[in-house]
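So the chains spell out like this:
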Amino acid sequence: MKSLLFIDPHFCKRSPSLKSTLREFPECFDDFDEVEVWAIESDYEHPKLKIDYVYCPFKTWHLVSLWYWVAIHLRYFWRFKVLRLKRPAVVQATNYYCYAADLVYFHFSFLGYSRVIREHRDIFRLSFARRLVFITHYVQEWILFHIASPKWWWVVSRRLMEESRALADPDSNFRVLPNAYDGQRFCLSVRENHRADMRRKLGFEDHEVVMIFVSLGDLERKGFCLAAQAVHQLHQQGLPFRLLFVGGPTEQAMDMSGYLAPYGMTDLAFLRCVGRVPDIEKYMAAADALLFPSYCEAFALVEIEAAAMGLRLYLTPHYGSEMILREPANGRLVPWDPQGIARVLAEELESGRLQEPAHEMGEALSREQFLAELRLRYQEILSANDANAVD
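A brief report on the enclosed structure follows. Position labels on residues start from 1 in each chain and follow its written sequence. In keeping with the predicted nature of the model, local features appear solely for residues at pLDDT of at least 70, side-chain atom pairs appear and are counted solely at 80 or more, and the whole-chain, interface and lining totals rest on all residues. Excluding hydrogens and water, the side-chain values take into account all heavy atoms of the structure.

### Comments concerning the packing of helix α8 (residues 224–236) against helix α13 (residues 338–351)
This is how the line gets drawn: Simply put, an axis is a line fit to the C-alpha atoms, just over the touching stretch for a helix, and the angle between two N-to-C directions goes from 0 to 180 degrees. Helix and strand assignments follow DSSP, with helices taken as H or I runs no shorter than four residues and strands as E runs no shorter than two, numbered in order from the N terminus. When an angle is under 35 degrees it counts as roughly parallel; over 145 it counts as roughly antiparallel; between 65 and 115 it counts as roughly perpendicular; any other value is oblique. Take the far helix as the reference: if the near one is turned anticlockwise from it by less than a right angle, the crossing is left-handed, and if turned clockwise, right-handed. Contact between two residues is taken to exist if any of their heavy atoms lie within 4.5 Å; hydrogens are not considered.
Where α8 meets α13, the axes come as close as 8 Å, and the angle between the chain directions of the two elements is 55°. As the angle between them shows, α8 and α13 are arranged oblique. Relative to α13, α8 is oriented so that their crossing is right-handed. On α13, the residues that touch L226, Q229, A230, Q233 and L234 of α8 are P338, Q339, I341, A342, L345 and A346.

### Quick word on the packing of aromatic side chains
Note the following rule: Two aromatic rings, drawn from Phe, Tyr or Trp (for Trp, its six-membered ring), form a pair once their centres lie within 6.5 Å of each other, and the interplanar angle then sorts them: stacked below 30 degrees, edge-to-face above 60, tilted otherwise. Burial here depends on accessible area, computed with a 1.4 Å probe over protein chains only, as a share of the maximum for the residue type. Under 20% is buried, over 50% is exposed, and the range in between is partly exposed. Only Lys NZ and Arg CZ are tested; either one counts as a charge over a ring when it is within 6 Å of the ring centre and within 35 degrees of the ring normal.
Counting across every chain of the model gives 32 aromatic pairs. Aromatic side chains Y76 and F80 sit 4.8 Å apart centroid to centroid with 65° between the ring planes, which places their arrangement in the edge-to-face category. Taken together, the residues Y76 and F80, both in helix α2 (residues 61–82) and four residues apart, mark about one turn of the helix. By relative accessible area, F80 is classed as buried at 12%. With centroids separated by 5.1 Å and ring planes inclined at 10°, the aromatic side chains of W153 and F174 adopt a geometry described as stacked. Residue W153 is located in strand β8 (residues 152–155), and its partner F174 is located in strand β9 (residues 173–176); the two are separated by 21 residues in the primary sequence. Following the ring pairs from residue to residue traces out a cluster consisting of F108, F110, Y113, F124, F134, Y295 and W336. A cation sits over an aromatic face here: K13 above Y44, 4.8 Å from the ring centre. Cation over ring: R221 sits above Y113, and NZ or CZ is 5.9 Å from the ring centre.

### Details of the side chain of Q140
This is how the line gets drawn: Pairing of N or O atoms within 3.5 Å defines a polar contact, subject to two protein rules: one partner must be a possible hydrogen donor and the other a possible acceptor, and residues neighboring in sequence count only if both atoms are side-chain atoms.
Turning to its location among the elements, Q140 is positioned in helix α4 (residues 128–146). Of the residues examined, Q140 reaches a relative accessible area of 1% and is grouped as buried. Here H137 takes part through its side chain, which lies 3.1 Å from a polar atom of the side chain of Q140. Not counting the four nearest positions on each side in its chain, Q140 is found in contact with L66, W69, Y96 and Y99.

### With respect to helix α5 (residues 158–167)
Because an α-helix completes one turn every 3.6 residues, residues spaced three or four positions apart along the sequence face the same direction. Stated formally: Relevant arc is that of directions from the helix axis to the C-beta atoms, nothing else.
Looking at α5, one finds that the buried residues are L160, M161 and S164. Buried residues along α5 cover an arc of 100° about the axis, so they all sit on one side. Considering only its buried residues, α5 is in contact with β7 (103–106), α4, β8 and β9.

### Details of the sheet that holds strand β1 (residues 3–7)
The criterion, for reference: Strand pairing is defined by DSSP finding a minimum of two bridges between the two strands.
Strand order in the open sheet formed by seven strands is β5-β3-β1-β6-β7-β8-β9, with parallel pairing between adjacent strands. The two strands at the open ends of the sheet, each matched to only one other strand, are β5 (49–53) and β9. Across the sheet, the mean angle separating the axes of adjacent strands is 20° when strand polarity is ignored. Examined bridge by bridge, β1 and strand β3 (residues 34–39) share five bridges and lie parallel to one another. Counted as the bridge partner of S3 is E34 from β3.

The values are spatial; any link to function lies outside them.
If you want it as structure tokens, here you go:
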């Protein structure tokens, strides 16, 4: 019997790391007869699926993550080392949640993020509590690379994979498996159908160039202030730029006046804020381009979805940008500098490229391509296991 033990705290639709995989449920697990999931929460039921819940008394993200990490390693040791229960054919974990996993699906690098923080010390001023949280994640990931030795790694972007492979066991097998986009929701026809109505609803004039920035949180890391300063500068120069910010912690639009005042931005006429929305594709339809000057990502899904909508991309050279950006066909790289970003956008406006829909997806995968690639990767691991069993 081919069995899979799947280790992730949030086996649910809203999980960013599992969104692409679980969107294809249950077909994503067709290569297994039985799937056991160790999770804190789950949205799914299926005859072949067994959810073995991990109790967690916390709600705060970093405490949930730390508790789960400890609980998983204690459970694994008890069941497979002490009780000597039969171990599943494949043990899969997200990031560092299980050092005994055969397969790690790697979605974000705290080692890479630490380098970014050192390079941009003037931007990142971590409080004692945030510094403690960060150090915890850093140590957890350091152990994954330097002490644990997963045989298989799936990594969401090519550059992150190359840097990870340099740190990991030389005998490990690395593959790129990026997140997928939903071609029914994110496509040119959806943009055409909703563009005029959404621009009118959001208060944008026909001649205005709308840059969209999307993030549910962690605005410092994702470069919101860079985007705001750049568009504010262009707006002050009389150029027809507006910034549409969609996201934040709740459905209520964030009040950004206190956040932006220290940067000298008191006139926020250039900015339109919207809270979390279930239909982000409609808001993307109102925009001309995605401005996402993040300091550290892995391969941001918003970049893939924006490209599928035909938006031009203006991205900093963070992990994953190499997977989607094809200059100048679908956008340009921008620096981690508001003046530099503003200069690039002004050049693009003058050239007329900002108003032209883009038709380039780089190495992004559709849902169908992702499912085929996912199953191929599982089959690769199972075949290798069978070959080792024969040897």
